[in-house]
Amino acid sequence: MAIERQIAPTSAAASDGHGPAQSGVRNIIFFDRNRAFCEMLAQQLSHPGTFRCHGHSVDADLLKSVRSLEPDLLVVDPVHLDLNHTHDLSDFTRAVKAACPTTRIIAYSFEVSPKSARATLEAGFLGCLSKSSNLSRLELAIAAVLDGGMFFDQEFGAQLRPLLNGEEGKDEILSEREKEVLVMIARGHGAKQIAYELKISTKTVDTYKARAVQKLGLGSRAQLVEYVIDNGWIS
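All of the points below concern the structure found in this document. Model, not experiment: these values are computed from the prediction. (Residues numbered from 1 in each chain as written. Predicted model: local features only at pLDDT ≥ 70, side-chain atom pairs only at ≥ 80, totals over all residues. Heavy atoms only, no water.)

**Some thoughts on the overall build of the chain**
A tally of helices and strands in the chain yields 11 helices and 6 strands. Of all 235 residues assigned to the chain, the portion counted as buried reaches 46%. For the chain, the share of sequence-separated contacts (at least 6 apart) that also reach a separation of at least 24 residues comes to 69%. Total accessible area computed for the chain in this model is approximately 11800 Å², and 49% of it derives from carbon and sulfur atoms. (Helix = DSSP H or I, 4+ residues; strand = E, 2+ residues; numbered from the N terminus. Buried < 20%, exposed > 50% of the residue type's maximum accessible area, 1.4 Å probe, protein only. Contact = heavy atoms within 4.5 Å. Areas by Shrake-Rupley, 256 points an atom, 1.4 Å probe, with all protein chains shown as cover.)

Laid out in structure tokens, this is it:
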């Protein structure tokens, strides 16, 4: 299969499933609320001696599994994650990295839109492909990302092209959380108050602010406030 051709098999034995894979064996976690689909992916894409795949269908225990298994790769459907206005996709990525800094992440979902494409790219996903892709295409994505590269299929690539080419309006490249933080800053809220209201750390508030002002090319607080008002985000 495609993934075996791009990742050389080793003589190392696979782990027993209760901890990190042994040297030379790649650990992959598939997360999808559809348990049967998830288990099918894990079974079909496992290759003894090369990498070991695990199916996971309960998001409450996902980070625990990441800490325990230390996977090289997490293949996840973002639609199936428990996300909300206080915990977005970027927060999820940070939580995964805190659990295992070396884990790479791929999105595998039927939800293909400019918004979802932007969210995955901004959150640090290294690959995105539609579930309409066949298993061979998924194998290619896994191989590319495990090899240190990135992979975006044609459907996601079409959504990302305007963003990468700078064809979208500046405000459209902000995540919802970045925009929310800018609005609160423009209203005069300090970092501690924003952190309290959004239930995030002050460091995370500073990260959202820094990322947003860099995208928008703003050089001062006055410019930030002016931009927010000019775009009608506050009256």
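Read on for the rest.
**Here we look at the nonpolar core**
One finds Val 181, Leu 182, Ile 194, Leu 224, Val 228 and Trp 233 to be the most contacted residues of the largest nonpolar core, which totals 22 residues. Elements represented by at least two residues in this core include exactly α8 (176-186), α9 (191-198), α10 (202-216) and α11 (221-230). Among the elements that take part in this core, α8 stands out by supplying 6 residues, more than any other. Look past the residues within four positions of Leu 182 in its chain and what remains in contact with it is Leu 174, Ala 212, Val 213, Leu 216, Leu 224, Val 228 and Trp 233. (Core = buried A, V, L, I, M, F, W, Y, C linked by side-chain atoms within 4.5 Å.)

**A closer look at the sheet that holds strand β2 (residues 51-56)**
Pairing is parallel in the open sheet, where 6 strands are placed in the order β2-β1-β3-β4-β5-β6. Two strands lie at the open edges of the sheet, namely β2 and β6 (151-152), each paired on one side alone. In this structure, strand β1 (residues 26-31) lies alongside strand β3 (residues 73-76), joined through 4 bridges in parallel fashion. Its bridge partner lying in β3, Phe 31 is registered against Val 76. Sheet strands in contact with helix α6 (residues 135-146) are β1, β3, β4 (104-109), β5 (127-130) and β6, and its direction is about 160 degrees off that of β4. (Pairing = 2+ DSSP bridges. Axes fitted to C-alpha atoms, helices over the stretch in contact; angles between N-to-C directions.)

**Concerning the environment of Arg 137**
Locating Arg 137 in the fold gives a position in helix α6. Taking the C-alpha atoms as reference, Arg 137 lies 10.0 Å from Phe 151; in sequence the two are 14 residues apart. With residues near it in sequence (within four places) discarded, Arg 137 still touches Leu 129, Phe 151 and Asp 153.

**Quick word on the packing of α8 against α9**
The angle between the axes and the distance between the axes are what describe a pair of packed helices. Running from amino to carboxyl end, α8 crosses α9 at an angle of 135 degrees, the nearest separation of the two axes being 10 Å. The orientation of α8 with respect to α9, classified from their angle, is oblique. Where α8 crosses over α9, the handedness of that crossing is right-handed. Taken together, the residues of α9 that come into contact with α8 (itself represented by Arg 177, Glu 180, Val 181, Met 184 and Ile 185) are Ile 194, Glu 197 and Leu 198. Of the residues assigned to the contact of α8 with α9, the class counts are 5 nonpolar, no polar and 3 charged. (Parallel < 35°, antiparallel > 145°, perpendicular 65-115°, else oblique. Left-handed = near helix turned anticlockwise from the far one by under 90°. Nonpolar A, V, L, I, M, F, W, Y, C, P; charged D, E, K, R; others polar.)

**Comments concerning the pattern of salt bridges**
With the rule as written, the count across this model stands at 9 salt bridges. Two residues, Glu 178 and Arg 211, come together in a salt bridge whose shortest N-O distance is 2.5 Å. Here Arg 211 lies in helix α10 and Glu 178 lies in helix α8, a separation of 33 residues in the sequence. Salt bridges sharing common partners tie together Asp 91, Arg 94, Arg 177 and Glu 180. (Salt bridge = Lys/Arg side-chain N within 4 Å of Asp/Glu carboxyl O.)

**Focus on the packing of aromatic side chains**
The relation between two aromatic rings is expressed through the spacing of the ring centres and the mutual angle of the planes. Tallied over the entire structure, the rule returns 2 aromatic pairs. Between the aromatic rings of Phe 37 and Tyr 108, the centroid separation amounts to 6.3 Å while the plane-to-plane angle is 20 degrees, which identifies the pairing as stacked. Of this pair, Phe 37 sits in helix α2 (residues 35-45) while Tyr 108 is found in strand β4, placing the two residues 71 residues apart along the sequence. For Tyr 108, a relative accessible area of 4% puts it in the buried group. (Phe/Tyr/Trp six-rings, centres within 6.5 Å; stacked < 30°, edge-to-face > 60°.)

**Concerning α10**
Since there are 3.6 residues in each turn of an α-helix, residues three or four apart along the chain are aligned in direction. Compared with an ideal rise of 1.5 Å per residue, which puts 15 residues at 21 Å, α10 spans 21 Å between its outermost C-alpha atoms and is within 8% of the ideal. Where the residues of α10 are buried, they touch α4 (89-99), α8, α9 and α11. Note on α10: the residue one or two positions beyond its end, Gly 217, has a positive phi of about 70 degrees. (Expected span 1.5 Å × (residues − 1).)

**Comments concerning the packing of α9 against α10**
Close contact between α9 and α10 brings their axes to 8 Å; oriented N to C, the two are set at 105 degrees. By the criterion of interaxial angle, the relationship of α9 to α10 is roughly perpendicular. Where α9 abuts α10, its residues Ala 191, Lys 192, Ile 194 and Ala 195 lie against Thr 202, Val 205 and Asp 206. Of the residues in the contact of α9 with α10, the class split is 4 nonpolar, 1 polar and 2 charged.

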